[in-house]
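So the chains spell out like this:
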Amino acid sequence: MAIKPEVNIGLLADQLAALALISEAEPPQVTRVVFSDADMRARAYVNGLCAEAKLQLKVDAVGNTFARWEGGNAELAPIGTGSHIDAIPNAGSYDGTVGVLGGLEAIRALQRAGFKPKRSIELVIFTAEEPTRFGIGCLGSRMMGSVLSPAAARALRDKEGNGLDNLRRHAGFSGELETVAVRTGRFHQFLELHIEQGPLLEERGIDLGLVTAIAAPASLRIVVEGEGGHAGGKLMPGRKDALAAAAELILALESLARSTGAVDTVGTVGICEVFPGAVNSIPSKVRLETDIRDTDGARRDGVLEGLKLACAEVAVRRGVTVTTELVNADPPTLCDVEILAALEASAKEADRTWQKMVARAYHDSSFVACIAPVAMLFIPCRGGVSHRPDEYASREWIGAGVDVLARTLARLAG
Ligand code: HGY
Ligand code: MN
Ligand code: MN
């Protein structure tokens, strides 16, 4: 018999609003960088809600949090759902949080409906999905999936030079980093609810996106070193201006991403750090952090290689030194057909419109996929806007997503 979960969208909307106020920035901006005071307060808030729902809480050595609803057969691997609550600076209220608080409300709705799961259902709050502090995204889920080794994690530093190991211990997460990796089969299946972070669903008036693949993210760090000097005294001939050289590389990335012939290829330079950064001083050193993605791994790698060639060419022509470091280059993720079939059945049962689509942002599901079958469920977000304070998802959209998430969790855990 189909479960008819009653989603309490008023309660969920209030909790999303309360979480959004836990920020290092003035509302409506949300800034919640991993291990910051706001992150710790947000974790405490969400953990409190999980405890109220009588979920058993466990936290690993890097802060990944597991809130478990015990199923009838403890022998069976659990069904996982969840996302992240950390946020980049000047972000919005829904990226990640819809999957965490929405996942919690899906569990509460099933509890209220008297559903008894055979497989336990675990809500997971992943540490540091955003790359803000350590330069690499999905830190917690990468470590769970053994994509980031404990040694590589220990080598991570933030801008102030603080090491991950010290910061996580200072935040109260103890235990060895070697214990974060989980074996294949730790979850039977994993399903993440998330805003689309793109315009498609809203434009087409479709309630839900069933994600079939998650784009392949890569990040290349580029450091350009030239010669500094007085902006007035040093004449143009013979200058080795690091920022002028970097500017050529920024444009090279844009041109490479535009010319693959595929709309799925994207290239961005989100960080450009200039030294010494004085208006009357010729830049001697520039750090660029680049973000290159595509649903096709080989096409993405073609852009990466093209950018490295551009670095070598600019270095010779301008007489500067250009060094590159590959921060990450992950494969695209294929979502599980069985979970997608369960999502489809649930959407039909709930009388919701849906379409299959790819995820252009990356997500923790990309790395949970290393240890379990995954899929994602998207809801629309207004204008496709995300990573901005005006990011918005309506109660109707969120309610539909949580309703179908709950029904699907019941199917998978049934
Ligand atoms: O950048 C991303 O795709 C994700 O929002 N961290
Ligand atoms: Mn994000
Ligand atoms: Mn996200």
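Basis of the calculations
Residues numbered from 1 in each chain as written. Chains lettered and ligands numbered in written order. Predicted model: local features only at pLDDT ≥ 70, side-chain atom pairs only at ≥ 80, totals over all residues. Heavy atoms only, no water. Donors = N, O, S within 2.8 Å, 3.2 Å for Na, K, Ca; no water. Buried < 20%, exposed > 50% of the residue type's maximum accessible area, 1.4 Å probe, protein only. Near = heavy atom within 4 Å. Nonpolar A, V, L, I, M, F, W, Y, C, P; charged D, E, K, R; others polar. Helix = DSSP H or I, 4+ residues; strand = E, 2+ residues; numbered from the N terminus. Phe/Tyr/Trp six-rings, centres within 6.5 Å; stacked < 30°, edge-to-face > 60°. Lys NZ or Arg CZ within 6 Å of the ring centre and 35° of its normal. Pairing = 2+ DSSP bridges. Axes fitted to C-alpha atoms, helices over the stretch in contact; angles between N-to-C directions. Contact = heavy atoms within 4.5 Å.

K.L.:
An account of the coordination of the manganese ion (ligand 3) is requested, with residue identities and associated values reported.
P.N.:
At the metal site, the manganese ion (ligand 3) is ligated by H84 (NE2), D95 (OD) and H194 (NE2), and these contacts range over 2.1 to 2.3 Å. Judged by relative accessible area, D95 falls into the buried class, the value being 9%.

K.L.:
Help me get a handle on the site of ligand 1, residues and values and all.
P.N.:
Taken together, E129, E130, Q197, R293, A361, Y362 and H387 make up all the residues around ligand 1. Residue composition of the shell around ligand 1, by class: two nonpolar, two polar and three charged.

K.L.:
Lay out the coordination of the manganese ion (ligand 2) with the relevant residues and their values.
P.N.:
Here the manganese ion (ligand 2) is held by D95 (OD), E130 (OE) and H387 (NE2), and the distances to it run 2.1 to 2.2 Å. Mapping the donors of the manganese ion (ligand 2) onto the primary sequence yields the spacing D-x34-E-x256-H. The metal-metal distance between the manganese ion (ligand 2) and the manganese ion (ligand 3) comes to 3.6 Å, with D95 coordinating both. Remark: H387 occurs in the loop between β17 (374–379) and α12 (395–413) and D95 occurs in the loop between β5 (87–91) and α3 (97–112); sequence separation between them is 292 residues.

K.L.:
I'd like a rundown of the packing of aromatic side chains, residues and numbers included.
P.N.:
Enumeration over the complete set of coordinates arrives at five aromatic pairs. The interplanar angle of 45° and the centroid separation of 6.0 Å between the aromatic rings of F35 and F173 together place this pair among those described as tilted. In this pair, F35 is assigned in the loop between β1 (30–32) and α2 (37–52) and F173 in the loop between α6 (164–170) and β7 (189–195), connecting sequence segments 138 residues apart. One exposure class covers both F35 and F173, and it is buried. Between W69 and F115 the ring centres are 6.2 Å apart and the planes differ by 70°, which places this aromatic pair in the edge-to-face class. Taken as a pair, W69 in strand β3 (residues 65–69) and F115 in the loop between α3 and β6 (121–126) lie far apart in primary sequence, 46 residues in all. In textbook terms, an aromatic cluster arises when at least three aromatic residues are bridged by ring pairs, as seen for F126, F187 and F190. A cation sits over an aromatic face here: R186 above F66, 5.2 Å from the ring centre.

K.L.:
Outline the sheet that holds strand β9 (residues 216–225), supporting the account with residue identities and numerical values.
P.N.:
By way of backbone hydrogen bonds, the strands of a sheet pair with one another, either parallel or antiparallel. Strand order in the open sheet made by the four strands is β11-β13-β9-β14, with antiparallel pairing throughout. The two strands at the open ends of the sheet, each matched to only one other strand, are β11 (266–275) and β14 (321–329). In this sheet, neighbouring strand axes are inclined to one another by 15° on average, regardless of whether the strands run parallel or antiparallel. Looking at chain direction, β11 and strand β13 (residues 285–294) are connected through nine bridges and run antiparallel. Residue pairing across strands places I271 opposite E289, the latter belonging to β13. Against the sheet, helix α8 (residues 242–258) contacts β9, β11, β13 and β14, and its axis sits at roughly 5° relative to β13.

Honestly, it's all geometry; don't read function into it.
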